[in-house]
6 protein chains.
Amino acid sequence: MRENTLRGIWARGGAVVNGWLSIPSSFSAEVMAHQGFDSLCIDMQHGVVDYQVAVTMLQAISTTSVIPLARVPWNDPPRLMKILDAGAYGVICPMINNRAQAEAFVRACKYPPSGSRSFGPIRAKYYSGADYHEHANHELLLIPQIETAEALENLDEILDVPGIDAVYVGPSDLAMALGSQPRLGQNDGPVVEAKKRIVDTCNRHGVPAGIHTPSAEVAQKMIADGYRFVTIASDDRFLSAKAAAEVTALRRALDGS
Amino acid sequence: MRENTLRGIWARGGAVVNGWLSIPSSFSAEVMAHQGFDSLCIDMQHGVVDYQVAVTMLQAISTTSVIPLARVPWNDPPRLMKILDAGAYGVICPMINNRAQAEAFVRACKYPPSGSRSFGPIRAKYYSGADYHEHANHELLLIPQIETAEALENLDEILDVPGIDAVYVGPSDLAMALGSQPRLGQNDGPVVEAKKRIVDTCNRHGVPAGIHTPSAEVAQKMIADGYRFVTIASDDRFLSAKAAAEVTALRRALDGS
Amino acid sequence: MRENTLRGIWARGGAVVNGWLSIPSSFSAEVMAHQGFDSLCIDMQHGVVDYQVAVTMLQAISTTSVIPLARVPWNDPPRLMKILDAGAYGVICPMINNRAQAEAFVRACKYPPSGSRSFGPIRAKYYSGADYHEHANHELLLIPQIETAEALENLDEILDVPGIDAVYVGPSDLAMALGSQPRLGQNDGPVVEAKKRIVDTCNRHGVPAGIHTPSAEVAQKMIADGYRFVTIASDDRFLSAKAAAEVTALRRALDGS
Amino acid sequence: MRENTLRGIWARGGAVVNGWLSIPSSFSAEVMAHQGFDSLCIDMQHGVVDYQVAVTMLQAISTTSVIPLARVPWNDPPRLMKILDAGAYGVICPMINNRAQAEAFVRACKYPPSGSRSFGPIRAKYYSGADYHEHANHELLLIPQIETAEALENLDEILDVPGIDAVYVGPSDLAMALGSQPRLGQNDGPVVEAKKRIVDTCNRHGVPAGIHTPSAEVAQKMIADGYRFVTIASDDRFLSAKAAAEVTALRRALDGS
Amino acid sequence: MRENTLRGIWARGGAVVNGWLSIPSSFSAEVMAHQGFDSLCIDMQHGVVDYQVAVTMLQAISTTSVIPLARVPWNDPPRLMKILDAGAYGVICPMINNRAQAEAFVRACKYPPSGSRSFGPIRAKYYSGADYHEHANHELLLIPQIETAEALENLDEILDVPGIDAVYVGPSDLAMALGSQPRLGQNDGPVVEAKKRIVDTCNRHGVPAGIHTPSAEVAQKMIADGYRFVTIASDDRFLSAKAAAEVTALRRALDGS
Amino acid sequence: MRENTLRGIWARGGAVVNGWLSIPSSFSAEVMAHQGFDSLCIDMQHGVVDYQVAVTMLQAISTTSVIPLARVPWNDPPRLMKILDAGAYGVICPMINNRAQAEAFVRACKYPPSGSRSFGPIRAKYYSGADYHEHANHELLLIPQIETAEALENLDEILDVPGIDAVYVGPSDLAMALGSQPRLGQNDGPVVEAKKRIVDTCNRHGVPAGIHTPSAEVAQKMIADGYRFVTIASDDRFLSAKAAAEVTALRRALDGS
């Protein structure tokens, strides 16, 4: 089975640099796969991406050695199983708030006897190799999102669930859950403290903590704070930020001339 | 009929700031339509975009007041007519090298008696208004590309063809045609001179000259040189440039820490 | 944030004229958006429409000022959240039968603290404006369907749930639930009575009642009966009705000649 | 090989009632296939339909006994051959203006020795039967459009070309070619006369004349005038006409109440 | 309503020969529909097929008399209802483990009063006939999958649920559930015994048992053992098996020459 | 630039084993890419494949080291340039009958100064490497089809054109051109002789000859006859052959039991 190189990065004490795909296009996915990320996560929750186009995006990523991940829209066995069958090498699952939800998440993603994943790795076996089903339970990454007050409270029991490989912080949802504004509230006391508490708890459990960030600068800071999986913005934000910057620069130059 | 605002910009002596769409997605097109461009051109020649997805991109652009243009892959009546029927408000046509080709281009895009465009503005009439066919011959922009030695030589006769509204320089093709490297050869003497000669000739004919540029900085320089329609890079280049810049910044910061 | 004009229509005492989209095409959606409806509802339950094409249909509707709505296939947080993120300005949700289901429906569609909608209005923020998340809880319309005997019984408690903006009657399901034939049973006593009871209860709660109708004639009657949101047939029914009428007319004329 | 029933209708002295498909959807195509038409023509010229979706529309039509036709965007061998390979049982080809163009059209559509169609009926052999290539030259309908002054003048020589099975009048293009307005000019003298002259010439050659009409009423009149293949409007026009009629009826009723 | 011919095969004591579709393409589906199967099942669980392309595959199958079935990804009302509305004449539902799940499955697929299926057979009524809703409850096949230890234990109570028309064995999942390897463990004692027990129990209840097999040879053996619905491999397995066999044969011949 | 391994196979005196893709699906393309072929050719002429899905198929092939080729529908600059920009590493071009057509074919595929290919390798540069444009003229394979009597006569002059890397025989078209039946006429004298003559002429020019074959057996024979590029059947033929064989085997076994 093709190795999941993210485990190696963590084993060597490194941090994973992850990219985020919200544009429903195998071409933009392939462009992103050439920019130096360790992994790319297809966002099927908030991204404009559903299963059928996600498959072509997984194929596009597979033209490189970048590890393909997917965020599913919900802790839902059919959605989890189907994107794993398509060759995702890990899944980020939103709104895991307690042990029972974490266990259900793991169960849906592991073949028996560890879980109840149904057998049929239709594309995964091509991406990964003919021995996929023998190693999938050990190679695939299962990453719950910690983004509610309930999840914060239950973080220890979530991290105790066997099969949880990392956690992922959605800062906007976390901020809203804590009464702050999404995105802007990242420096609010309770949010900053929560992010710190998550990484500390993860460290105690020996589980890498991950987080979404708006930029390399914040990503670096998060790594300094102990996070070991950082996402930098997303394809649509790169596109809009760069386009707006260029147009603004030109219009300003023209106005000033 | 909905006004083609690019004509107004030129009438007021301004320069059009154009964006370029190579990613086959109506979502990325809509993102680009909110970044401040005057117009967006769907590249059906070198972009990863064919007719069916181009229609959804035209619709996405039409959610804003940005003017939708298309570059066709060839000076070919069915391709020209079909994208105009879909609501493009102008077409850039590659490889127009002489008067005959310019005339054929115009003929395919104008309704009788000015040309031989076939009647059937299936989506254009919704985008533009019920009186589309009465005004289309005057509103739509016909923009040949000047990108070969032959075209340079014949520029006067091309600009003499009634119905040619502007010209567009493809600097890479022009550079290769003049024996320079694509993209990098923009400062080679013959290429620089050719670009100057084109804009001068256009000025003499009172026809706006357009050009593809890699950045706001070059775009500004081109406008200073007299160009009145400038494209800044493209969606895929914005995406790759910003993604690579962020990843590189983070990796450097991590290496240095 | 772009205004939800349906609220204004109701505030002025008017009735919303809604169209229904079952054909999976952004072109037919755009055609429908030019026919005078106040809103168009993409039917993701019984229509031949899944998420990815629904996004292009939302874009097509957004080329006009018509308000885009969606009927989801189920009271299911990921489906509700994902179509709202795509820019639907309201959702009709089938099979809401009691207070708990109504509360779950509202919770999935409201940002904290009113609910648990996850943050990520990927396309909605372009359609609506950068302040989308500040106003979404107040602007978006949440419309449960009343179509079972259980729902009829629990209508008062459903209408008591904060955040329910209107209700929608599916007459076929309601008829079958009451032991009548779908569609044809609309004049059966119990169905007629149920429809009357719904509108009366809604009026008591000050909540607009909506209903699906087969024609302008029935729609008018429903409005006379107090309904304030009426759907006329659907795109596929308009298509088949008009096509069949024309073919029949021609064949009859030819037979008679 | 499956029989081309249109030939039988003509052999029995009847007129073919044809429908027109401009919406890019296999579902709307299937709806249209159940409304009583003898044949359905997928419009790849002015319709919003390119090859890939046209294949699914051909399949949708093939769920019934309705004969599938296609209008190609141009007299162009690759486009003609490819849609025939996909199972179209006839092609309407725009802008055939003289004998040479008619001969080129026929040549592209006939297998050797009658023409130079390349062998590869990839889907046609499933639709039609394993002996497709033995009968295709005789069964498929080749229908040039007569829509310019030049074509009118050369109609006799066009009809003399072996393999031309019928002709098709595009009234809008014909009207524009004769200096009238598209669509509305149908009662202008020169247009009316041209339409009469076409049907008379066809009758002399024993070739059925076809024409696009806006309604059953005009279709009936055209049949009375000798036309034997009539198209009634199109799917998008049925949709917009019926939707607009219903909305208008409701709004009028509400205004009047 | 179009007859479900599978019921007739069973009534005559025969076995249904079923094909399996995992490739997301209406063309490959149409190819498969011409190879002699009684029915074809679109695999929406492990196949690379989601709803929108499944509709075009149902249309492709409907160009023949082969009966279209679908395997849904989960026992989930919206998924079940939506694929039935699209014209599937039966559904295979994974992971039905007890009476309650079987009852929920049936309830989602039957119109009132037998169940709670919502009314809206948008495409089914074209495929099946205008009286679809009157007969659907009797014609459509509801086939739970038996693939866990729990289901084995509860098989009697599952078969007691009114509306269960057949059962389907997923041998890989069953093998894993019993501690064997997927696919290869088919000759392990417990798996062989379980398959025998299932068919015996089904026979006692007068319900046909179905099973997935890798080849005609195993399928024949299963029929000899009493199974009356057999799937032979799948489209992707036919494709890979034949391609690999041909390439290997050629390479061996070249090596040996 | 990524190496075109087919040149290496020929340099070592070997024969290329090529697969053929007619099914419009990136999944079936990926399946085919794992079966041991040296190259895979996407058939955009007779296959059910147009540009947009072809791009996803090129991506699917690029997940392996198999070399991606495309057959274009026509000797047409925009089609040739666009599929090369998408990353095809060679093109097969139908109906090249003389020197002028061969020269036009080469010209469209080579950057200046060797030809007039327009610059914009949008996806090719990701597949191949950043130095794509420096090496493309030397790496990409240009393969005209020899399939008419005229081409046979002009074979020497076609092979004299600089830039022609191989030729490809379409046996069905060739057979029809010589008055035989497509496919079955392969043993007719004139066809057999023509195939021999082609390979002999190619050998004289030192240019590899290629041919389409129905099976490994015929492919082996062709290689024995001197062909050095052989296609074995196609994806749709593998699928139909294997499916039909299995169904027939089962039905025979059941009939005999």
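Residues numbered from 1 in each chain as written. Chains lettered and ligands numbered in written order. Predicted model: local features only at pLDDT ≥ 70, side-chain atom pairs only at ≥ 80, totals over all residues.

Draft legend 1. Inspection of the overall build of chain A at higher detail. Helices and strands together make up the secondary structure of chain A, namely 13 helices and eight strands. A compact globule built from 257 residues would reach a C-alpha radius of gyration of about 18 Å, and chain A, at 18 Å, matches this within 12%. With the C-alpha coordinates aligned to their principal axes, the bounding extent of chain A is approximately 70 × 40 × 30 Å. Looking at chain A residue by residue over its 257 residues, the buried ones come to 67%. In chain A, 60% of the contacts between residues at least 6 apart in sequence involve partners at least 24 apart. (Helix = DSSP H or I, 4+ residues; strand = E, 2+ residues; numbered from the N terminus. Rg over C-alpha atoms; globule rule 2.2 N^0.38 Å. Buried ≥ 20, exposed ≤ 12 C-beta atoms within 10 Å, placed from the backbone. Contact = placed C-beta atoms within 7 Å.)

Draft legend 2. Region of the structure containing the interface of chain C and chain B. Contacts between chain C and chain B engage 13 residues on the former and 13 residues on the latter. A class-by-class count of the residues in the side of chain C that touches chain B yields five nonpolar, six polar and two charged. (Nonpolar A, V, L, I, M, F, W, Y, C, P; charged D, E, K, R; others polar.)

Draft legend 3. Representation of the confidence of the model for chain A in the model. Chain-level statistics for chain A give a pLDDT mean of 96 and a share of 98% at 70 or above. ipTM for the predicted complex: 0.97, alongside a pTM of 0.98. (pLDDT = per-residue confidence, 0-100.)

Draft legend 4. Here's a closer look at the arrangement of the chains. The two units chain A and chain D never meet; even their closest C-alpha atoms stay 16 Å apart. Structurally, chain B and chain E remain out of contact, their C-alpha atoms never closer than 16 Å.

Draft legend 5. Representation of helix α5 (residues 99–109) of chain F. All names here are of chain F. Inspection of α5 places Ala 102, Phe 105, Val 106, Ala 108 and Cys 109 among the buried residues, and these make up the whole buried set. Within α5, the buried residues cover an arc of 165 degrees as seen down the axis, which keeps them to one side. Contacts made by the buried residues of α5 are with α4 (77–85), β4 (90–93), β5 (141–146) and α9 (155–160). (Arc of directions from axis to C-beta.)

Draft legend 6. Seen up close, the interface of chain F and chain E. Taken together, the contact between chain F and chain E spans 37 residues of the former and 37 residues of the latter. For the side of chain F that touches chain E, the secondary structure elements donating two or more residues are β1 (16–21), α2 (26–32), α12 (216–224) and α13 (235–256) of chain F. It is α13 of chain F that provides the largest number of residues to the side of chain F that touches chain E, a total of 17 residues. For the side of chain F that touches chain E, the class distribution of residues is 23 nonpolar, nine polar and five charged.

Draft legend 7. Representation of the packing of helix α13 (residues 235–256) of chain E against α13 of chain F. Remark: α13 of chain E packs on α13 of chain F, axes separated minimally by 8 Å, with the N-to-C direction vectors making an angle of 105 degrees. In terms of orientation, α13 of chain E and α13 of chain F fall into the roughly perpendicular class. Facing α13 of chain E, whose interface residues are Asp 235, Phe 238, Leu 239, Ala 241, Lys 242 and Ala 243 of chain E, α13 of chain F presents Asp 235, Phe 238, Leu 239, Ala 241, Lys 242 and Ala 243 of chain F. Its residues assigned to classes, the contact of α13 of chain E with α13 of chain F comprises eight nonpolar, no polar and four charged. (Axes fitted to C-alpha atoms, helices over the stretch in contact; angles between N-to-C directions. Parallel < 35°, antiparallel > 145°, perpendicular 65-115°, else oblique.)

Draft legend 8. Summary view of the relation of the copies chain F and chain E. Mapping chain F onto chain E calls for a screw motion: a turn of 180 degrees about the axis and a shift of 0.0 Å along it, with 0.0 Å RMSD after fitting. Taken together, the rotation angle and the small translation identify this as a two-fold axis. Taking C-alpha positions as the reference, the residue of chain F nearest the rotation axis is Leu 239 of chain F, at 2.4 Å. Of the residues that chain F buries at the interface, 100% are likewise interface residues in chain E, meaning the two copies contact each other through the same surface. (Least-squares fit on C-alpha atoms with pLDDT ≥ 70 in both.)

Draft legend 9. Structural context of the relation of the copies chain C and chain B. Superposition record for chain C on chain B: RMSD 0.0 Å, screw rotation 180 degrees, translation along axis 0.0 Å. Residue by residue, 100% of the interface of chain C is reproduced at the interface of chain B, so both copies engage with the same surface.

Draft legend 10. Highlighting the sheet that holds strand β8 (residues 229–232) of chain C. Residue and element names in this part refer to chain C. The eight strands lie next to each other as β1-β2-β3-β4-β5-β6-β7-β8, forming a closed barrel whose pairing is parallel. The average undirected angle you get between the axes of adjacent strands in this sheet is 25 degrees. Where strand β1 (residues 16–21) and β8 come together, three bridges link them in parallel fashion. Looking at β8, one finds that Val 16 is bridged to Phe 229. Strands β7 (209–213) and β8 of the sheet are contacted by helix α12 (residues 216–224), whose axis makes an angle of about 170 degrees with β8. (Pairing = 2+ DSSP bridges.)

Draft legend 11. View of the nonpolar core. Residues Val 91 of chain A, Val 91 of chain B, Val 91 of chain C, Val 91 of chain D, Val 91 of chain E together with Val 91 of chain F are the most contacted members of the largest nonpolar core, which totals 599 residues. Those residues in contact with Val 91 of chain E that sit more than four places away from it in its chain are Leu 69, Ala 70, Val 72, Leu 80, Ile 83, Leu 84, Cys 109, Leu 142 and Ile 143 of chain E. (Core = buried A, V, L, I, M, F, W, Y, C linked by C-beta atoms within 7 Å.)

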